[in-house]
Amino acid sequence: MISIIVIVPLATLVLLTLAGVVVLERSYPPQGTVIKVADGALNVVELGRRGQPGPPVVMIHGASSNLEAMRQPLGEMLARNHRVILIDRPGHGWSVREREEDSTPDIQGRMIAEALGKLGTGPVVLVVHSWAGALGARMALDFPQLLAGLVMLAPVTHPWRGGVGWYSTAVTTPVIGRLLAYTITLPLGLALADSGARNVFMPQIKPDNYIKNTATLLLLRPREFLANARDLVTLKAAVAAQAPRYGEITVPTTVISGDVDKTVSTNIHSRPFTAAVANAKLIVLSGVGHMVQNAAPDLVVAEIDEMIDIIDQRAVAAGTGH
């Protein structure tokens, strides 16, 4: 009798979750082109036109999101004058990774580098936010020939005190984690999505319809939620391993962070990173939180344009062009 009392509600939640996944995927259908890479396939959306002057701008989102978080407003603004390439990180949005454990910046950076090679982009300006700050730093170490420049927005770069949210830890626990992902994650996430987004934007105000416009609810699909959780719980060890190498980075780098970011501390991450990287430029915005690209898009675009202008000038001086 007890087993029936337990099994029936769990089975009901599983069925509701599977039905919810169908609804979410119909509400937020795939956008862009899928590029097959080793151990996965990456969803890529291109904005602007090929042949625009200067290197392409490649934009990579952070945790708990997808490429749509980089499209609005920043990607669309940049696309007026540049070729812009938005990529769903492996396991997020409509990108797929075959192995759940492919969660670290080095592995995901390798997959993205392979995709860029297949796109034939040449060197790019890589724009990364939050979790992807660690990925951008890693790509600057592992694939410097692919990067003409690196722009980091509220990046994670160093280990921090404590861990990550308890639910992410729970979901990565063997057996119980998958049970949570396929039963209560979706209904719980639907209830908490709005308040969670508001907290990430603080002290700025979350834009109207942000969750809908950025397809954020795709995160609640079990396979993506599991991937996101593993990304988070393995990140601290990954940045601890790569941080001692940051002095090797030679790619032109600009870091833009807010001084009241409660999600990724500027003092723990951006300041020590720019101190370690030769000639890195640090901009700390007063009164700005974690969502730098939404709080100050004009400034971010201006900094990217300035970097591209410098890259172009150097290319002309060297006689290489683009």
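Scoring rules and cut-offs
Residues numbered from 1 in each chain as written. Predicted model: local features only at pLDDT ≥ 70, side-chain atom pairs only at ≥ 80, totals over all residues. Heavy atoms only, no water. Salt bridge = Lys/Arg side-chain N within 4 Å of Asp/Glu carboxyl O. Helix = DSSP H or I, 4+ residues; strand = E, 2+ residues; numbered from the N terminus. Buried < 20%, exposed > 50% of the residue type's maximum accessible area, 1.4 Å probe, protein only. Core = buried A, V, L, I, M, F, W, Y, C linked by side-chain atoms within 4.5 Å. Contact = heavy atoms within 4.5 Å. Phe/Tyr/Trp six-rings, centres within 6.5 Å; stacked < 30°, edge-to-face > 60°. Lys NZ or Arg CZ within 6 Å of the ring centre and 35° of its normal. Polar contact = N/O pair within 3.5 Å; in protein donor to acceptor, adjacent residues only side chain to side chain. Pairing = 2+ DSSP bridges. Right-handed = clockwise from strand over helix to strand, strands pointing away. Axes fitted to C-alpha atoms, helices over the stretch in contact; angles between N-to-C directions. Left-handed = near helix turned anticlockwise from the far one by under 90°. Nonpolar A, V, L, I, M, F, W, Y, C, P; charged D, E, K, R; others polar. Patch = residues over 30% accessible without salt bridge, like charges linked within 9 Å, V, L, I, M, F, W, Y side chains within 5 Å. Areas by Shrake-Rupley, 256 points an atom, 1.4 Å probe, with all protein chains shown as cover.

### Describing the pattern of salt bridges
In the structure shown here, the tally under the stated rule is 19 salt bridges. Ionic pairing is found between Glu306 and Lys281, a salt bridge with its closest N-O pair at 3.5 Å. Placement of Glu306 in helix α12 (residues 297–318) and of Lys281 in strand β9 (residues 281–285) is noted, with a sequence separation of 25 residues between them. When its relative accessible area of 39% is taken as the criterion, Glu306 is described as partly exposed. A relative accessible area of 31% places Lys281 in the partly exposed class. Through salt bridges that share partners, Asp39, Arg99, Asp102 and Arg110 make up one connected network.

### Here we look at the nonpolar core
Formed by 45 residues in total, the largest nonpolar core has its most connected members in Ile87, Tyr246 and Ile249. Those residues in contact with Ile87 that sit more than four places away from it in its chain are Leu42, Asn43, Val44, Val58, Met59, Ile60, His61, Leu67, Ile112 and Leu116.

### As for the packing of aromatic side chains
Taken as a whole and judged by the stated rule, the model has 4 aromatic pairs. A ring pair is formed by Tyr167 and Phe225, whose centres lie 5.7 Å apart and whose planes are at 70 degrees; its orientation type is edge-to-face. Residue Tyr167 is located in helix α5 (residues 166–171), and its partner Phe225 is located in helix α9 (residues 222–242); the two are separated by 58 residues in the primary sequence. Here the two residues Tyr167 and Phe225 agree in accessibility, since each one is buried. Their ring planes at 80 degrees and their centres at 4.9 Å tell us that Phe201 and Tyr210 sit as a pair that is edge-to-face. The structure contains a cluster of three or more aromatic residues connected by ring pairs, namely Trp166, Tyr167 and Phe225. Above the face of the Trp131 ring, Arg89 is positioned so that its terminal group lies 3.9 Å from the ring centre. The ring of Trp94 is capped by Arg221, whose NZ or CZ atom sits 5.0 Å from the centre of that ring.

### As for the side chain of His92
Turning to its location among the elements, His92 is positioned in the loop between β4 (84–87) and β5 (96–97). Judged by its relative accessible area of 0%, His92 falls in the buried class. There is a polar contact of 2.7 Å between the side chain of His92 and the side chain of Asp231. Apart from the residues within four sequence positions on either side, His92 is in contact with His61, Ser65, Arg223, Glu224, Asn228 and Asp231.

### Some words on the environment of Ser265
Considering the arrangement of structural elements, one finds Ser265 in the loop between β8 (253–258) and α10 (270–276). Along the primary structure Ser265 and Gly289 are separated by 24 residues, whereas in three dimensions their C-alpha atoms are 9.5 Å apart. From its side chain, Ser265 meets the backbone nitrogen of Asn267 in a polar contact 3.3 Å long.

### Quick word on the pairing of strand β6 (residues 124–129)
Of all 6 residues that make up β6, 6 are buried, and the element is covered over most of its length. Of the two faces of β6, the one holding Val124, Leu126 and Val128 and the one holding Val125, Val127 and His129 are both buried throughout. Where strand β3 (residues 57–60) lies against β6, 4 bridges are found, and the strand directions are parallel. The partner of Met59 across the bridge, within β6, is Val127. Taken together, the 6 bridges between β6 and strand β7 (residues 147–153) define a ladder with parallel strand orientation. Residue Val124 lies in a different strand from β7, and its bridge partner there is Leu147. For the crossover from β6 across helix α4 (residues 132–142) to β7, the handedness is right-handed.

### A word on the pairing of strand β1 (residues 33–37)
As defined by bridge partners, β1 adjoins strand β2 (residues 40–47) across 5 bridges and the pair is classed as antiparallel. Within β2, the residue paired with Val34 across the bridge is Asn43. Between the antiparallel neighbours β1 and β2 lie 2 residues, among them Asp39 with a positive phi of about 70 degrees.

### Overview of the environment of Ile35
Following the sequence through the fold, Ile35 ends up in strand β1. On the accessibility criterion, Ile35 (10% relative accessible area) is buried. Residues Ile35 and Trp160, 125 residues apart in the sequence, show an inter-C-alpha distance of 34 Å. Not counting chain neighbours up to four residues away, the residues in contact with Ile35 comprise Ala41, Leu42, Val44, Ala115, Lys118 and Leu119.

### Points about the packing of α4 against α9
Interhelical geometry of α4 versus α9 gives an angle of 35 degrees and a closest axis separation of 11 Å. Where α4 crosses over α9, the handedness of that crossing is left-handed. Seen from α4, the contacting residues are Ala134, Ala137, Arg138 and Leu141; seen from α9, they are Leu235, Val239 and Gln242. Looking at the contact of α4 with α9 residue by residue, the class counts come to 5 nonpolar, 1 polar and 1 charged.

### Notes on a nonpolar patch on the surface
Residues Leu10, Ile176 and Leu179 make up a contiguous nonpolar surface patch of roughly 210 Å² in combined accessible area. Take Ile176: its relative accessible area is 38%, and that puts it in the partly exposed class.

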